[in-house]
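# Examining the three-dimensional arrangement
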Amino acid sequence: MKNPSTARVSARTVATLGMLCAIAFVAKLISNVFPTVSGFLSFDLKDVVIVIGGFIFGPLTAAVIALIVSVIEMLTISSTGPIGLVMNVLASCSFACVAAVIYKRDHSLKGAILSLAAGVLCMTAVMLLWNWLITPLYMKVPREVVVGMLIPVFLPFNLVKGGINATLAMLLYKPVVTALRRAHLVEESAAGGKHGTKWGVVTVAAVLLATFVLLGLVLAGVI
């Protein structure tokens, strides 16, 4: 017979994951108001929610949220079809799953910073490779055209996109986990210990966020 407490925990976890998927999709909808880069590269805030889910529940959960939200996006608001689905899942997983794996081994502020930085770098490298492979098919242009865009367009775009998502995750992680704990949606021991607010880190993250946003506006040709 299944332990009632185990059943409650399982139901609570499923409910929390469903909520995270819904919030991630809303974050994607909000992202659509941002200007695009080069007419087709769009900033995407859903990775903030996905990586927070990965920090709380682990890298597999981050991958599941990324897949579910990307499929919903493809069936509802996206016009890029299966290619867009593949690229979305790859981008989200290379960022959030890598970060969650590292953070799982080191539940500390240092671990969070290092994991997010590693996630940004991994996502940038992965997307350079996959843009080289897939974008010629999507844009229907010779591969040489895409090769000429890798360094001046794709590289800075993915670094700025990853930087925005990483700094937002740093700023929002503690408030989100605290709210989930108070709502009894996650265990008190989930996602590491209760660290006090490091206002120096918050300040640096806010400054970095502002910097990445300004760089994003420059890349999009707004300023």
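Right above here is the structure, for reference.
Now for a quick tour of the structure. Model, not experiment: these values are computed from the prediction. (Residues numbered from 1 in each chain as written. Predicted model: local features only at pLDDT ≥ 70, side-chain atom pairs only at ≥ 80, totals over all residues. Heavy atoms only, no water.)

## Thoughts on the packing of aromatic side chains
In the structure shown here, the tally under the stated rule is 6 aromatic pairs. Geometrically, the ring pair formed by Phe-40 and Tyr-138 is tilted, given 6.4 Å between the ring centres and 45° between the ring planes. With a gap of 98 residues between them, Phe-40 in the loop between helix 1 (4-31) and helix 2 (46-57) and Tyr-138 in helix 5 (residues 109-139) connect regions that are remote in the sequence. Taking 6.1 Å as the distance between ring centres and 65° as the angle between the ring planes, the aromatic pair formed by Phe-40 and Phe-154 counts as edge-to-face. On the criterion of sequence distance, the pair formed by Phe-40 in the loop between helix 1 and helix 2 and Phe-154 in helix 6 (residues 143-182) is long-range, its members being 114 residues apart. Judged by its relative accessible area of 22%, Phe-40 falls in the partly exposed class. Residue class for Phe-154 comes out buried when judged on its relative accessible area of 0%. Ring-pair connections join several aromatic residues into one group, and the members of that group are Phe-40, Tyr-138 and Phe-154. (Phe/Tyr/Trp six-rings, centres within 6.5 Å; stacked < 30°, edge-to-face > 60°. Helix = DSSP H or I, 4+ residues; strand = E, 2+ residues; numbered from the N terminus. Buried < 20%, exposed > 50% of the residue type's maximum accessible area, 1.4 Å probe, protein only.)

## Some points on the packing of helix 2 against helix 6
Direction vectors running N to C along helix 2 and helix 6 enclose 50°, while the axes themselves pass 8 Å from each other. The pairing of helix 2 with helix 6 is recorded here as oblique in orientation. For the pair helix 2 and helix 6, the sense of crossing is right-handed. Along its contact with helix 2, which presents Asp-47, Val-48, Val-51, Ile-52, Phe-55 and Ile-56, the element helix 6 presents Lys-161, Asn-165, Leu-168, Ala-169, Leu-172, Tyr-173, Val-176, Val-177 and Leu-180. Residue composition of the contact of helix 2 with helix 6, grouped by class: 12 nonpolar, 1 polar and 2 charged. (Axes fitted to C-alpha atoms, helices over the stretch in contact; angles between N-to-C directions. Parallel < 35°, antiparallel > 145°, perpendicular 65-115°, else oblique. Left-handed = near helix turned anticlockwise from the far one by under 90°. Contact = heavy atoms within 4.5 Å. Nonpolar A, V, L, I, M, F, W, Y, C, P; charged D, E, K, R; others polar.)

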